[in-house]
Number of protein chains: 2
Amino acid sequence: MIAPSATGTASPEIEFWFEFGSNYSYLSVMRIEDLARRHGVRVVWKPFLFGPVLHALGFESSPFLIQKEKGAYVWQDMIRQCSKYGLRWTQPTDFPRRCVLPVRVALLGAGESWIGAFCRAVMELNFVHDRDIDSREALVPVLTGIGLPAADILDQAESGPVKGRLRAQTDEARQRGIFGVPTFFVGPEMFWGNDRLDDAMLVAAGGKI
Amino acid sequence: MIAPSATGTASPEIEFWFEFGSNYSYLSVMRIEDLARRHGVRVVWKPFLFGPVLHALGFESSPFLIQKEKGAYVWQDMIRQCSKYGLRWTQPTDFPRRCVLPVRVALLGAGESWIGAFCRAVMELNFVHDRDIDSREALVPVLTGIGLPAADILDQAESGPVKGRLRAQTDEARQRGIFGVPTFFVGPEMFWGNDRLDDAMLVAAGGKI
């Protein structure tokens, strides 16, 4: 049984590995800040590119595209899951969407107070409004909408150092054994999938399974 | 939001497609009868052989064996899931275990009152006691233990008609688009994985997602 224990760390945290093209990451991006607040847990945002990790694992594309039975199911599942969590949902006409630029922006913002709002807005662009997310044109209104200097942030996001950080973060994902998104870590313990977010959060808050 | 609706059918039921070699089927086999009783839902037991379905989908073996990162994760996940559900757990030394004979027995018993007890006992042999499940020697004590005439049942299970029924049931699994186990159907609606058992049961009981 999972029950809260008395031995939480002083500053409990959960690592959240995700990318903007992933539909199950959409569910977790929309849920995680509220859940973390209720549990007194800090979210460490770890945006990365899942494509290169998939390639390294031997997949040429999303398993949802390669395995058509699973792919067909996933869109049915998303309708029900979004309904369960009270989230809006539109099946994207382009899947999985390229998301290099928003992932770079998220890398920049990972320690900032706006990271949650930014990630939710990008996810809604993709999975509610069915729009491109990988261009300055797409991201200027998102950044402006949360009160940020869009041009400055996008210039920084496209700079060499941020590109290097993204490569390093994606390499780290592979080295840590990530094989799907979203993935959560609480210390060394891996939890895969939005279906494990609640368990992971409980463990992060000092709970025992 | 999922909420019970007033429009349940007169005789709500859930189809439960599973096999004894599957570790996530273990979780659902142990949970489903109690859950169904609380929801007033009848379980329609649909044992089949997942191997031929996997082959037809282009896999040579369990994805947990082919994809070693996912495989390593699954055993960690099982420890936590079993703890959460209050189930015992031993990682099998032989995975996925052959299970043709117990699946045939389960086909015979699918409409009988002993089906739940039989399936739970076979699952515990595999995932608690780490023992072979695909022989008369393994199954005689299981059947005797629940008060059944073991030899008679095993003779029937090995008869031609039951073999034919198993082939037909496995073909049906493929035709219905099953790509993983366990899978639940409520009418035409598919739910994949033990993680969806609660949702499926709610829908079976007349709930709306």
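This text gives an overview of the structure that appears in the document.

This part covers the sheet that holds strand 4 (residues 183–186) of chain B. All names here are of chain B. Pairing is mixed in the open sheet, where four strands are placed in the order 3-2-4-5. If you trace the sheet from one side to the other, it starts and ends with strand 3 (42–47) and strand 5 (189–192), each paired once. With strand direction ignored, the average angle separating the axes of adjacent strands in the sheet is 25°.

Let us now look at the pattern of salt bridges. Residues and elements named next belong to chain A. All told, the structure shown has 36 salt bridges over all chains when counted by the stated rule. Residue Arg38 is joined to Asp34 by a salt bridge in which the shortest nitrogen-to-oxygen separation is 3.3 Å. Of this pair, Arg38 and Asp34 both sit in helix 1 (residues 23–39), four residues apart, which is roughly one turn of that helix. Overall, Arg38 belongs to the exposed group, its relative accessible area being 61%. Residue Asp34 is classed as partly exposed on the basis of its relative accessible area, which comes to 38%.

Turning our attention to the interface of chain A and chain B. How big an interface is tends to be expressed through the accessible area that disappears when the partners come together. Contacts between chain A and chain B engage 26 residues on the former and 26 residues on the latter. For the pair chain A and chain B, the summed buried area comes to about 2600 Å², and 53% of that belongs to carbon and sulfur atoms. Considering only the side of chain A, the residues that lose the most area to chain B are Tyr73(A), Arg80(A) and Arg196(A), jointly responsible for 25% of the buried surface there. For the salt bridge of Glu189(A) with Arg80(B), the shortest nitrogen-to-oxygen distance reads 2.9 Å. At the surface where chain A touches chain B, the tally comes to 16 residue pairs in polar contact (both at pLDDT 80 or more). For the side of chain A that touches chain B, the secondary-structure elements that each account for two or more residues are helix 4 (68–85) and strand 5 (189–192) of chain A. Considering each element in turn, the side of chain A that touches chain B owes the most residues, nine residues, to helix 4 of chain A. When the residues that make up the side of chain A that touches chain B are grouped by side-chain class, the tally is twelve nonpolar, five polar and nine charged.

Here we come to helix 4 (residues 68–85) of chain B. Residue and element names in this part refer to chain B. When the terminal C-alpha atoms of helix 4 are compared, their 26 Å separation across 18 residues agrees well with the 26 Å that a helix rising 1.5 Å per residue should span. Taken together, the buried positions of helix 4 are Lys70, Gly71, Tyr73, Val74, Trp75, Asp77, Met78, Arg80, Gln81 and Cys82. Of the residues flanking the end of helix 4, it is Gly86, one or two places downstream, whose phi is positive at about 70°.

Turning our attention to unusual backbone geometry. All names here are of chain A. A cis geometry characterises the amide bond from Phe95 onward to Pro96, with omega recorded as -15°. Its place among the elements puts Pro96 in the loop between helix 4 and helix 5 (100–109). At Asp130, a position not held by glycine, the phi torsion is positive, near 55°. Position of Asp130 among the secondary structure elements: in the loop between helix 6 (115–127) and helix 7 (136–145).

A volume near 280 Å³ is recorded for the second largest pocket. Together, Lys84(A), Tyr85(A), Asn194(A), Asp195(A), Arg196(A), Asp198(A), Lys84(B), Tyr85(B), Asp195(B), Arg196(B), Asp198(B) and Asp199(B) line the second largest pocket. If you list the elements that add at least two residues to the lining of the second largest pocket, you get helix 4 of chain A together with helix 4 and helix 10 (197–204) of chain B. Here the lining of the second largest pocket is built from residues that sort into two nonpolar, one polar and nine charged.

About the cut-offs
- Residues numbered from 1 in each chain as written.
- Chains lettered and ligands numbered in written order.
- Predicted model: local features only at pLDDT ≥ 70, side-chain atom pairs only at ≥ 80, totals over all residues.
- Heavy atoms only, no water.
- Pairing = 2+ DSSP bridges.
- Helix = DSSP H or I, 4+ residues; strand = E, 2+ residues; numbered from the N terminus.
- Axes fitted to C-alpha atoms, helices over the stretch in contact; angles between N-to-C directions.
- Salt bridge = Lys/Arg side-chain N within 4 Å of Asp/Glu carboxyl O.
- Buried < 20%, exposed > 50% of the residue type's maximum accessible area, 1.4 Å probe, protein only.
- Contact = heavy atoms within 4.5 Å.
- Buried area = accessible area lost by both parts, 1.4 Å probe.
- Polar contact = N/O pair within 3.5 Å; in protein donor to acceptor, adjacent residues only side chain to side chain.
- Nonpolar A, V, L, I, M, F, W, Y, C, P; charged D, E, K, R; others polar.
- Expected span 1.5 Å × (residues − 1).
- 1 Å grid on protein atoms, 1.4 Å probe; cavity = no way out; pocket = protein on both sides within 12 Å on 5 of 7 lines; lining within 4 Å.
- Points joined across faces, edges and corners; volume = space filled by probe spheres on them.

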